[in-house]
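# Fold and geometry: a report
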Amino acid sequence: MRNAGLFLAAATLVAMAAGVVWASGLAGSGDSDSAATTPAVLSGSSPPPVSGAAAATPTHPAPTPAGTPVTVPFELPIFMYHHVSPSFPADQLTANLTVLTSDFEDQLAYLKCAGYTGITMKQLFDHISGGAALPAHPVILTFDDGYDDAYTGAFPLLQQYGFAGSFAIVTGFIEAGGPFLTWAQMTTMAGAGMEMMSHSVSHPDLGTSDDATVRDQIAASRAALEQHLGGKIEFLVYPSGEPFRSNTVQRQQEVVQMLKAAGYRGALLAGPNSLTQDPATPFALNRVRVSGGEGLATYAGSIGGPPPSSPHC
Ligand SMILES: [Zn+2]
């Protein structure tokens, strides 16, 4: 059963308007990141049919039409995954980064029947800058570190359920071999509509690295991806979320300036489990971590979605 009453719409908007404090230090906004803002709901069309008493009054604003730049904060879930694997590995550190393949399939089935549509970062940024409208209830699925199970575990299910995926690649790991994607696998994935992003060359802390290292990490990773895959690489996922977790606002701004100079359009944080995206800070977009092992109701709740009435709706 669909229950759009708890969807991304009015109820969440009211909650956010009540005073959410943005957690991340946001480049370009100085210390103003602690100010509460009112996010709009980003949707390309009307929400799914509403049923039941929990239906909220449709007070959310009209969808932003194509051709109109988006300037106010809005809600759009960007999930952060790592491993998608048939079983938990013995290594506890890796296990903590693993979502079981069966759970991942349940999550995709839930998203699909709840009316969500997977989009890429490029679609999001094109829309923000006044490009094409987005589909109803957009969601972005990201996968960090470029493990080989991105190809064997995540990719087939993304295709089966019709979702895009955005994969953050550590190019030095690829070159070194090991349990990571190959260039051939990434070429296949990109050809099937999957999006590749930079996750640096060697996964350093970009906050504590010197400027020359930062410039090299973000330029060389982008160049390697573009050389092997063709097309433009325009987005970066901060390794371990730095400099936005434990570095100063000044350092955050410096790194963002280097990313802009290197030709990037935007970047993703490692958290902090917020759905809100601010077009004024495209280099500090929020993500929602999927840790693995959480139930489907918890997963749905993490994005304010309707409660799943069954594993497959
Ligand atoms: Zn990483």
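Structure first, text after, so check above.
Right, let's walk through the structure included here. (Residues numbered from 1 in each chain as written. Predicted model: local features only at pLDDT ≥ 70, side-chain atom pairs only at ≥ 80, totals over all residues.)

On to the overall build of the chain, then. The helix and strand tally for the chain stands at ten helices and 13 strands. Every one of the 313 residues in the chain was classed for burial, and the buried ones make up 44%. Contacts spanning at least 24 positions in sequence make up 72% of the contacts within the chain whose residues lie at least 6 apart. (Helix = DSSP H or I, 4+ residues; strand = E, 2+ residues; numbered from the N terminus. Buried ≥ 20, exposed ≤ 12 C-beta atoms within 10 Å, placed from the backbone. Contact = placed C-beta atoms within 7 Å.)

Here the focus is the pairing of strand β3 (residues 78–81). By the alternation rule, side chains of β3 split into Ile-78 and Met-80 and Phe-79 and Tyr-81, which are all buried. Pairing of β3 with strand β7 (residues 138–144) involves four bridges; the strand directions are parallel. Looking across to β7, one finds that Tyr-81 is bridged to Phe-143. When β3 meets strand β13 (residues 285–289), the two strands line up parallel, connected through two bridges. Across the sheet, the residue bridging to Met-80 is Arg-289, located in β13. (Pairing = 2+ DSSP bridges.)

With that out of the way, let us pick up unusual backbone geometry. Note the cis peptide between Glu-242 and Pro-243, where omega equals 20 degrees. Considering the arrangement of structural elements, one finds Pro-243 in the loop between β10 (235–237) and α9 (249–261). A cis amide bond, omega -5 degrees, links Gly-271 with the succeeding residue Pro-272. With respect to the secondary-structure elements, Pro-272 resides in strand β11 (residues 266–272). In this model, His-137 sits at a positive phi of 50 degrees, which is unusual for a non-glycine residue. Secondary-structure assignment places His-137 in the loop between α4 (121–128) and β7. For His-137, a count of 26 C-beta atoms within 10 Å gives the class buried. Here the phi dihedral of Asp-145 falls at roughly 90 degrees; this positive angle occurs in a residue that is not glycine. Tracing the chain through its elements places Asp-145 in the loop between β7 and α5 (149–161). A count of 21 C-beta atoms within 10 Å places Asp-145 in the buried class.

Looking now at the packing of helix α3 (residues 101–113) against α5. If you want to describe how two helices pack, look at the angle between their axes and the distance between the axes. At their nearest, the axes of α3 and α5 sit 10 Å apart, and the two run at 25 degrees to each other. Relative to α5, α3 is oriented roughly parallel. In the packing of α3 onto α5, the handedness of the crossing is right-handed. Listed contacts from α5 to Thr-101, Phe-104, Glu-105, Leu-108, Ala-109 and Lys-112 of α3 are Gly-153, Ala-154, Leu-157 and Tyr-161. A per-class count over the contact of α3 with α5 returns six nonpolar, two polar and two charged. (Axes fitted to C-alpha atoms, helices over the stretch in contact; angles between N-to-C directions. Parallel < 35°, antiparallel > 145°, perpendicular 65-115°, else oblique. Left-handed = near helix turned anticlockwise from the far one by under 90°. Nonpolar A, V, L, I, M, F, W, Y, C, P; charged D, E, K, R; others polar.)

Okay, α4 next. Each turn of an α-helix holds 3.6 residues, which means side chains three or four residues apart point in the same direction. All buried positions along α4 are accounted for by Met-121, Gln-123, Leu-124, His-127 and Ile-128. Each buried residue of α4 sits inside an arc of 165 degrees when the element is viewed along its axis, so together they form one side. Among the structural elements, β7, β8 (166–169), β9 (195–198), β10 and β11 are those in contact with the buried residues of α4. Looking at the residues trailing α4, positive phi occurs at Gly-130, about 100 degrees. (Arc of directions from axis to C-beta.)

In this section: the pairing of β7. Regular strands show a simple pattern: their side chains alternate between the two faces of the sheet. β7 sits mainly inside the fold: seven of its seven residues count as buried. Here β7 shows two buried faces, one formed by Pro-138, Ile-140, Thr-142 and Asp-144 and the other by Val-139, Leu-141 and Phe-143. Two strands pair when backbone bridges link them, and strand β6 (residues 117–118) and β7 are joined in this way by two bridges, in the parallel orientation. Residue pairing in the sheet places Gly-118 in a bridge with Val-139 of β7.

Before going further, it helps to examine α9. Look at α9: 18 Å from first C-alpha to last across 13 residues, which is about the 18 Å you get at 1.5 Å a residue. Every buried residue belonging to α9 is among Gln-252, Val-255, Val-256 and Leu-259, and all of these are buried. Relative to the axis of α9, the buried residues are bounded by an arc of 100 degrees and lie together on one face. Seen from the open side of α9, the exposed residues pointing more than 90 degrees away from its buried face are Gln-250 and Ala-261. Next to the buried residues of α9 lie α8 (211–229), β10 and β11. In the stretch just after α9, Gly-263 is the one whose phi turns positive, near 100 degrees. (Expected span 1.5 Å × (residues − 1).)

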